[in-house]
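Secondary and tertiary structure notes
As a plain string of letters, each chain reads:
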Amino acid sequence: MDPDALRGYVEHSADTLIDRIGPRGRADLLNEYGAVLPLLVFNRSLSANGSVKIWEEADCKSRSATVQGNVNNLADIRFTTIKSIRFAG
């Protein structure tokens, strides 16, 4: 992924989370920001050597899929969110 495009997506994702948290005036930064931001960025695309199993919910729950190689857009595999991932190698 192009570094400038990645930077823009990280900034957009961070702003989205801050906008979501801000109106409440408080947040669990580790769980609501720190843990979610990398997943939002990762959700943009998926690139891996070997197999990766992904789930829509935390703790490897809900719908899952096994992905081989690169996925440029998660919507192509009918995923909008990844909250759990296991690399198979």
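Residues numbered from 1 in each chain as written. Predicted model: local features only at pLDDT ≥ 70, side-chain atom pairs only at ≥ 80, totals over all residues. Heavy atoms only, no water.

**Brief notes about the overall build of the protein chain**
We apply this condition: Note on conventions: DSSP H or I runs of at least 4 residues are helices, E runs of at least 2 residues are strands, and numbering of each starts at the N terminus. Note on contacts: a residue pair qualifies if any of its non-hydrogen atoms lie within 4.5 Å across the two residues. The method behind every accessible area is Shrake-Rupley, applied with a 1.4 Å probe, and residues are considered shielded solely by the protein chains displayed.
Counting secondary structure elements, the protein chain contains three helices and three strands. Listing each helix as α and each strand as β along the protein chain from the N terminus yields α-α-α-β-β-β. For the protein chain, restricting intrachain contacts to residue pairs at least 6 apart in sequence, the fraction spanning at least 24 positions comes to 54%. A total accessible area of about 6100 Å² is found for the protein chain, and carbon and sulfur atoms account for 50% of it.

**Some thoughts on the pairing of strand β1 (residues 51-57)**
Working note: regular strand, side chains alternate between the two faces of the sheet. For clarity, the threshold we go by: Two strands form a pair only when DSSP identifies at least two bridges running between them.
Across six bridges, β1 lies against strand β2 (residues 61-68) in antiparallel orientation. Residue pairing in the sheet places Trp55 in a bridge with Ser64 of β2. Hairpin connection between β1 and β2: a loop of three residues separates the two successive antiparallel strands, and Asp59 in this loop has a positive phi of roughly 60°. Inspection of the sheet shows β1 paired to strand β3 (residues 84-87) by four bridges, in the antiparallel sense. Each residue of the ladder has a partner; that of Trp55, found in β3, is Ser84.

**Overview of unusual backbone geometry**
At Cys60, a residue that is not glycine, the phi angle is positive and equals roughly 55°. Inspection of the secondary structure puts Cys60 in the loop between β1 and β2. In this structure, Ser62 takes a positive phi of about 80° despite not being glycine. Inspection of the secondary structure puts Ser62 in strand β2.

**Comments concerning helix α1 (residues 3-21)**
Because each turn of an α-helix spans 3.6 residues, side chains separated by three or four positions end up pointing in the same direction. For clarity, the threshold we go by: By this rule, a helix spans an expected 1.5 Å times one less than how many residues it contains. Using a 1.4 Å probe on the protein chains alone, a residue whose accessible area is under 20% of its type maximum counts as buried, one over 50% counts as exposed, and one in between counts as partly exposed. The arc under discussion is defined with respect to the helix axis, by the directions toward the C-beta atoms.
If you check α1, its first and last C-alpha atoms are 27 Å apart, about what 19 residues at 1.5 Å a residue would give, namely 27 Å. Buried residues of α1: Tyr9, Ser13, Ala14, Leu17 and Ile21, and no others. The buried residues of α1 occupy an angular sector of 135° when projected down its axis, which confines them to one face. Opposite the packed face of α1, turned more than 90 degrees from it, sit the exposed residues Asp4, His12 and Asp19.

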